[in-house]
Amino acid sequence: MEREGSMRKFILGAVLLLAMTVLAACGGGASTTPGGGGGGDSAATGDTPVKEGGIFRMGTTSYPDSINPFVGFSALSYILWTETYPTLVQYDADYKIVGDWADSWETSADGKVWTFKLAPGGKWSDGKPMTAADAAFTGNLIIKYADGPAAMLAPFLTHATKLEAPDDTTVVITYDKAASNVLPQLQQFFILPQHVVEPIVGDKGKGLKKWNPTGDGPQVGGGSFFIDKFEKKGTTFLKKNPGYYRTAPHVDAIGITVYQNADAMLAALKSDQLDSADTVPPTLAKQWSADPKFTLQIGDSSFLYDIPINSNKNKKDHKELLDPKVKQALNVAVDRQQIIDTVLAGYGVPSATLLTPLSAPYMNTDIKPPAYDIAAANKMLDDAGYKRGADGIRVGPDGSKFEWEVITPENVEGIDRLFEILKTSWAELGITITSKKLDSTAAFEAIGAPDWKYEDFDMAIWDWVGYIDPDFMLSVVLCNQLGGWSDTGYCNPAYDKLYEEQGVTLDAAKRKDIVWQMQDTLNTDLPYLWVAQKQSIAAYSKNWGGLSEPFLIGLSKIPWDVIHQNG
């Protein structure tokens with residue numbers, strides 16, 4: 001998952017030990033048959049009869065920034081791709097890897113060659129057959145342009161060198177090294193229709209970034225649904241794909257409506273204009289849990305509020321933000337408990353690293369959130385030589401005042417209150433911050449400006465939502481993600497070397513040690529200040545059954561395959 005507020009978003013009900021996944025991913029020569037990938041009546045919960053058909057209407061305050069997988073980065077965009085494009089594998093309701101399009105897979109003895117057998121008979125929503133050639137085409141395209149227009153998808157094929165399709169139902173992926181997390185990565189390898197994408201690639205892949213999947217009509221999808229109509233800030237309609245390779249979903253269509261604020265969305269849910277709201281503000285959770293007409297789903301989440309700080313050594317102004325001592329002082333002056341109490345109404349815990357307990361055992365539990373201490377933060381800045389001017393504002397080495405602009409994406413839940421808490425606390429340090437409110441696309445572009453050189457911005461407030469395996473979150477600060485996922489401008493070749501090592505370390509304990517060391521490095525350099533892990537709260541009408549943990553929606557087709565009207 002990625003940026004929420006912009007995938008950055010969803011919940012996981014229980015901690016999954018990654019050692020289980022690593023063992024499944026590294027069983028050289030062993031054939032693995034998944035437990036199934038589609039929906040069906042058996043997935044429905046309880047004794048309530050299933051009513052087939054109908055439209056499931058979901059409200060959200062987070063819009064999809066793009067439905068082009070070479071461009072988009074928002075939570076809702078990733079959900080749409082998960083539902084509308086085949087992947088080889090996915091997670092089931094117990095957060096174990098099972099097949100999506102793949103029925104089974106096996107690895108070579110050296111762990112470098114993975115062979116997947118696909119479910120036969122699938123069709124794209126335009127009626128064209130889906131074959132392994134589509135998977136090979138997509139994978140080779142991503143590998144070819146991994147350092148360019150396909151950078152956003154490249155992390156999911158790390159170490160892959162080529163994909164082959166020896167027949168219509170077999171995909172063979174060759175890696176340059178035996179990787180530790182092949183299957184978790186492939187869960188986000190979205191397979192695209194070759195007959196649609198190949199003609200638009202263009203010179204050096206430049207057409208990939210310009211591609212509009214609904215530019216000539218409905219999207220050509222191959223999952224359980226396809227996008228019939230897309231409105232970035234309106235209502236997007238998904239229709240059931242008649243050529244889906246698994247058991248057909250219960251519902252005929254899904255409508256996703258974007259609201260400007262939670263109040264409007266919840267009012268629509270109360271008046272029966274919606275069947276679900278993907279986010280209930282924590283301040284309203286108790287009120288909604290008492291309403292007998294709705295089911296409230298509350299659970300743990302990998303959602304993390306963070307403060308990205310421009311860590312590009314070539315940034316133009318406010319170079320004091322490159323000083324780890326300044327960042328350490330700021331970190332001590334983040335009142336995490338007040339943020340949890342007021343912004344999250346208690347539905348959260350302080351955070352100190354880019355991973356959460358959901359990625360256990362890879363979260364470095366030796367790194368603790370610093371205690372809030374304004375006096376200590378002031379002393380740290382004083383000892384570092386940053387004096388206050390006559391107006392009480394501290395001054396940097398170039399004579400510039402500690403007056404910083406904070407980019408605040410407008411659709412990040414609770415961001416205004418979070419900003420005000422920071423502003424008040426940091427004012428006590430002799431620091432002035434102002435908010436630059438932008439939509440998520442403009443915010444991301446402002447962070448990279450000009451031309452993804454990361455020279456202009458000071459800092460931002462945003463959030464990340466990670467996957468179960470730590471690889472993706474570890475990758476967002478790599479040097480090769482400048483112009484890709486990076487929102488800090490950070491580049492540390494020593495960190496990059498550790499990232500490469502963890503990706504090919506098959507022993508789970510040794511991999512854990514490397515991942516902990518990587519987090520120590522980030523805790524020293526502080527390209528991010530980590531604020532709080534938020535619980536996820538979603539509401540559903542009692543007219544609907546077959547509900548899944550909301551976090552699973554971004555990892556699997558199963559939730560929307562099995563949701564149904566109660567008969």
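Preceding this section is the structure that the text describes.
The structure displayed is predicted, hence computed values, not measured ones.

A short note on the sheet that holds strand β18 (residues 459-460)
In space, the 3 strands of this open sheet follow the order β17-β16-β18, with parallel pairing throughout. Strands with a single pairing partner mark the edges of an open sheet, and in this sheet they are β17 (432-438) and β18. Examined bridge by bridge, strand β16 (residues 403-409) and β18 share 2 bridges and lie parallel to one another. Across the sheet, I407 pairs through a bridge with A460, a residue of β18. Lying over the sheet, helix α12 (residues 415-427) contacts β16, β17 and β18, oriented at roughly 165 degrees with respect to β17. Sheet strands in contact with helix α13 (residues 440-448) are β16, β17 and β18, and its direction is about 145 degrees off that of β16.

As for the sheet that holds strand β22 (residues 564-566)
Sheets are built from strands paired through backbone hydrogen bonds, the pairs being either parallel or antiparallel. The strand order across the open sheet formed by 3 strands is β2-β22-β21, and the pairing between neighbours is antiparallel. Looking at the sheet topology across the chains shown, the edges are occupied by β2 (50-51) and β21 (544-545). Across 2 bridges, the pairing between β21 and β22 is antiparallel. The partner of G545 across the bridge, within β22, is H564.

Considerations on α12
Its 13 residues place the ends of α12 18 Å apart at the C-alpha level, agreeing with the 18 Å of an ideal helix rising 1.5 Å per residue. All of the buried residues along α12 are I415, L418, F419, I421, L422, S425 and W426. Along the axis of α12, the buried residues cluster in a sector spanning 160 degrees; they form a single face.

Quick look at the pairing of strand β3 (residues 55-60)
In the sheet, β3 pairs with strand β12 (residues 253-258) via 6 bridges, with the strands oriented parallel. Residue pairing in the sheet places M58 in a bridge with I256 of β12. Sheet topology note: the β3/strand β13 (residues 276-277) ladder contains 2 bridges and is parallel. Along β13, the bridge assignment pairs M58 with S276.

Digging into the packing of helix α15 (residues 493-503) against helix α16 (residues 508-525)
Each pair of packed helices can be described by the angle between their axes along with the distance between the axes. The interhelical angle for the contact between α15 and α16, taken along N-to-C directions, is 160 degrees, at an axis separation of 9 Å. Relative to α16, α15 is oriented roughly antiparallel. Crossing handedness for the pair α15 and α16: left-handed. Residues Y495, L498, Y499, E501 and Q502 of α15 form the contact with α16, whose own contacting residues are R511, I514, V515, Q517, M518, T521 and L522. For the contact of α15 with α16, a count of residues per class yields 7 nonpolar, 3 polar and 2 charged.

Regarding helix α3 (residues 132-144)
Taking 1.5 Å of rise per residue, the 13 residues of α3 would be expected to cover 18 Å, and the 18 Å separating its terminal C-alpha atoms lies within 8% of that figure. Looking at α3, one finds that the buried residues are A132, D134, A135, A136, F137, T138, G139, L141 and I142. In this fold, the buried residues of α3 make contact with β7 (113-118), β8 (160-167), β9 (170-175), α5 (194-197) and α6 (206-210).

A look at the side chain of N181
On the secondary structure map, N181 appears in the loop between β9 and α4 (182-186). Residue class for N181 comes out buried when judged on its relative accessible area of 2%. In this structure the side chain of N181 is engaged in a polar contact, spanning 3.3 Å, whose partner is the side chain of D471.

A few points about the environment of I298
Locating I298 in the fold gives a position in strand β14 (residues 294-308). Judged by its relative accessible area of 39%, I298 is partly exposed. For I298 and F457, which are 159 residues apart along the polypeptide, the C-alpha to C-alpha distance reads 35 Å. Not counting residues within four places of it along the chain, the set of residues in contact with I298 comprises Y347, Q535, S536 and I537.

With respect to the pattern of salt bridges
For the structure on display, the rule yields 20 salt bridges. With its nearest N and O atoms 3.5 Å apart, the salt bridge here joins D252 to K240. Here D252 is found in the loop between β11 (235-240) and β12, whereas its partner K240 is found in strand β11, with 12 residues between them in sequence. Classification of K240 as partly exposed rests on a relative accessible area of 26%. Each of the salt bridges in this network shares a partner with another, and the network as a whole consists of R57, D272 and D275.

A short note on the nonpolar core
Core analysis: the biggest nonpolar cluster contains 148 residues, and L88, F116, L186, L330, W426 and W560 have the highest contact counts within it. Non-local contacts of F116, meaning those with residues more than four positions away in its chain, are made with L88, V89, A102, S104, W105, T169, T170, V171, I173, L183 and L186. By size, the runner-up hydrophobic cluster in this structure holds 16 residues, among which are A262, L269, F294 and A539.

A short note on unusual backbone geometry
Across residues other than glycine, the phi torsion is negative in most instances, and most of the peptide bonds are trans. A cis amide bond links A360 with the next residue in sequence, P361, at an omega value of 10 degrees. Following the sequence through the fold, P361 ends up in the loop between β15 (348-350) and α11 (374-383). At the junction of A449 and P450, the peptide bond is cis and its omega measures out at -10 degrees in the coordinates. Among the secondary structure elements, P450 is positioned in the loop between α13 and β18. In the Ramachandran plot, Y95 falls in the positive-phi region, its phi being about 60 degrees despite a non-glycine side chain. For Y95, a relative accessible area of 5% puts it in the buried group. Although it is not a glycine, D272 adopts a positive phi angle of roughly 70 degrees.

Overview of the pairing of β17
Note: β16 against β17, 7 bridges, orientation parallel. Along β17, the bridge assignment pairs V406 with S435.

Cut-offs used in this document
- Residues numbered from 1 in each chain as written.
- Predicted model: local features only at pLDDT ≥ 70, side-chain atom pairs only at ≥ 80, totals over all residues.
- Heavy atoms only, no water.
- Pairing = 2+ DSSP bridges.
- Helix = DSSP H or I, 4+ residues; strand = E, 2+ residues; numbered from the N terminus.
- Contact = heavy atoms within 4.5 Å.
- Axes fitted to C-alpha atoms, helices over the stretch in contact; angles between N-to-C directions.
- Expected span 1.5 Å × (residues − 1).
- Buried < 20%, exposed > 50% of the residue type's maximum accessible area, 1.4 Å probe, protein only.
- Arc of directions from axis to C-beta.
- Parallel < 35°, antiparallel > 145°, perpendicular 65-115°, else oblique.
- Left-handed = near helix turned anticlockwise from the far one by under 90°.
- Nonpolar A, V, L, I, M, F, W, Y, C, P; charged D, E, K, R; others polar.
- Polar contact = N/O pair within 3.5 Å; in protein donor to acceptor, adjacent residues only side chain to side chain.
- Salt bridge = Lys/Arg side-chain N within 4 Å of Asp/Glu carboxyl O.
- Core = buried A, V, L, I, M, F, W, Y, C linked by side-chain atoms within 4.5 Å.

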